[in-house]
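Fold and geometry: a report
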Amino acid sequence: MFSIGIDVGSVAAKAVVFDGEKIAAKEIIPTGWSPRESGLQIFEKVIALADIKRKDIKAIVGTGYGRVALPFIDKKVTEITCHGKGAHFIDSDIRTVIDIGGQDSKVIRLDEKGSIVDFLMNDKCAAGTGRFLQVISHTLELDISQLSDIASNAVPQNINSMCTVFAESEVVSLMANGASKESIAAGLLQSVCKKTYSLISKVGVKNKVFFSGGVSKNPLLKEMLAERLGTDIISSELSQFLGALGAAVIGYEG
């Protein structure tokens, strides 16, 4: 038997098929305009990848902001709980999860059983999230995937505003005054690091620290956070699938 975890976020929908011991298949697609449609689409894609039938599925668990739009799931679970469960499955020694997604960021502390000890979530605005990075990257005429490379050896410009609208105006002014894209990109990542550190400091850090969400694919930001925290930060190819993985584990455990 298999369980399926589906995490419909603001930017991407992720799904994981779990057989009780390991991941049998995983998939990610853009969420698009309809969480319901993307949830259905990712479900069909992932069961095709795993080559299973609906009769083989023990449970389907939904998480993420779009979970309320999924009529075919058996259970809805908060993303905080699913991220904690997913991190514990990856490495039972993980005690802190830093998650930066498309529209929110969160810090979660776990105990030795993977249960939530404390958490804090920034979901009031896009400050310090993937959306923030995406908007400013567009202003710089860069793809978000280029930020780390061009910023790696640059002296960061000071970007004061974390509001996406005001930061965009600030970046336009910096460019008009001759600041390089490299220095602005470095300043942008530094500002996200500061915002994330502020969130982390309110919850507290305990090793091991795991970095998840789409923004975790930025290696320079990961380095900045590790230096700021004074500890190693780990991530993996499953970082963006953490919520879906946790949902699948919860589904299998019943």
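This report concerns the structure included in the present document.

Within the structure shown, the criterion is met by three aromatic pairs. When the ring of Phe 18 is compared with that of Phe 89, the centres are 5.2 Å apart and the planes differ by 90°; the resulting orientation is edge-to-face. In this pair, Phe 18 sits in strand 2 (residues 12-18) while Phe 89 sits in helix 2 (residues 79-90), placing the two residues 71 residues apart along the sequence. Take Phe 18: its relative accessible area is 3%, and that puts it in the buried class. Three or more aromatic residues link up through ring pairs in this structure, and these residues are Phe 18, Phe 89 and Tyr 252.

With that out of the way, let us pick up the side chain of Thr 96. Its place among the elements puts Thr 96 in strand 6 (residues 96-100). Polar contacts involving the side chain of Thr 96 include one to the main-chain carbonyl oxygen of Lys 206, which spans 2.7 Å. With residues near it in sequence (within four places) discarded, Thr 96 still touches Val 107, Ile 108, Arg 109, Gly 204, Val 205, Lys 206, Lys 208, Val 209 and Phe 210.

Turning our eyes to something else, we now look at the nonpolar core. Grouped together as the largest cluster of nonpolar side chains are 38 residues, with contacts concentrated most on Ile 98, Phe 211, Leu 221 and Ile 233. At the level of secondary structure, the elements contributing two or more residues to this core comprise strand 6, helix 3 (130-139), helix 4 (147-151), helix 5 (164-176), helix 6 (181-203), strand 9 (209-212) and helix 7 (219-229). For this core, the element with the highest residue contribution is helix 6, accounting for 10 residues. By size, the runner-up hydrophobic cluster in this structure holds 19 residues, among which are Ala 25, Val 46, Ala 50 and Ile 73.

Going through the model one piece at a time under the given rule, you end up with 10 salt bridges. The partner of Lys 85 in a salt bridge is Glu 253, with the nearest N and O atoms 3.3 Å apart. With a gap of 168 residues between them, Lys 85 in helix 2 and Glu 253 in helix 8 (residues 242-253) connect regions that are remote in the sequence. Judged by relative accessible area, which is 24%, Lys 85 ranks as partly exposed. Ionic contacts of the salt-bridge type, sharing partners, join the residues Glu 79, Asp 99, Asp 104 and Lys 106 into one network.

Let us look at the sheet that holds strand 1 (residues 2-8). Ordered in space as 3-2-1-4-5, the five strands form an open sheet in which the pairing is mixed. Two strands lie at the open edges of the sheet, namely strand 3 (23-30) and strand 5 (75-76), each paired on one side alone. The sheet contact formed by strand 2 and strand 3 spans seven bridges and is antiparallel. If you follow Phe 18 over to strand 3, its bridge partner there is Ile 23. Against the sheet, helix 8 makes contact with strand 1, strand 2, strand 3, strand 4 (57-63) and strand 5, and its axis sits at roughly 145° relative to strand 1, the strand it touches most.

This part is about helix 3. Counting buried positions along helix 3 gives seven out of 10 residues, so the element sits mostly inside the fold. Buried within helix 3 are the following residues: Gly 130, Phe 132, Leu 133, Val 135, Ile 136, Ser 137 and Thr 139. The secondary structure elements touched by the buried residues of helix 3 are strand 6, helix 4, helix 5 and helix 6. Two residues or fewer after helix 3 comes Glu 141, characterised by a positive phi angle close to 60°.

Further remarks concern the pairing of strand 7 (residues 105-110). For strand 7, the buried fraction is high: five of the six residues fall into the buried class. Both strand 6 and strand 7 contribute to a ladder of five bridges, which runs antiparallel. The residue bridging Asp 99 from the neighbouring strand is Lys 106, located in strand 7. Counting the residues between successive antiparallel strands, the hairpin from strand 6 to strand 7 contains four residues. With antiparallel pairing between neighbouring strands as the criterion, strand 7 and strand 8 (residues 116-122) make up a hairpin whose turn holds five residues, including Gly 114 at a positive phi of roughly 85°.

Here we come to the environment of Val 77. For Val 77, the location among the structural elements is in the loop between strand 5 and helix 2. Sequence spacing of Val 77 and Gly 64 is 13 residues, and the spatial spacing of their C-alpha atoms is 8.2 Å. Those residues in contact with Val 77, other than ones at most four positions away along the chain, are Val 61, Gly 62, Thr 63, Arg 67, Cys 82 and Ile 250.

The rules behind each value
Residues numbered from 1 in each chain as written. Predicted model: local features only at pLDDT ≥ 70, side-chain atom pairs only at ≥ 80, totals over all residues. Heavy atoms only, no water. Phe/Tyr/Trp six-rings, centres within 6.5 Å; stacked < 30°, edge-to-face > 60°. Helix = DSSP H or I, 4+ residues; strand = E, 2+ residues; numbered from the N terminus. Buried < 20%, exposed > 50% of the residue type's maximum accessible area, 1.4 Å probe, protein only. Polar contact = N/O pair within 3.5 Å; in protein donor to acceptor, adjacent residues only side chain to side chain. Contact = heavy atoms within 4.5 Å. Core = buried A, V, L, I, M, F, W, Y, C linked by side-chain atoms within 4.5 Å. Salt bridge = Lys/Arg side-chain N within 4 Å of Asp/Glu carboxyl O. Pairing = 2+ DSSP bridges. Axes fitted to C-alpha atoms, helices over the stretch in contact; angles between N-to-C directions.

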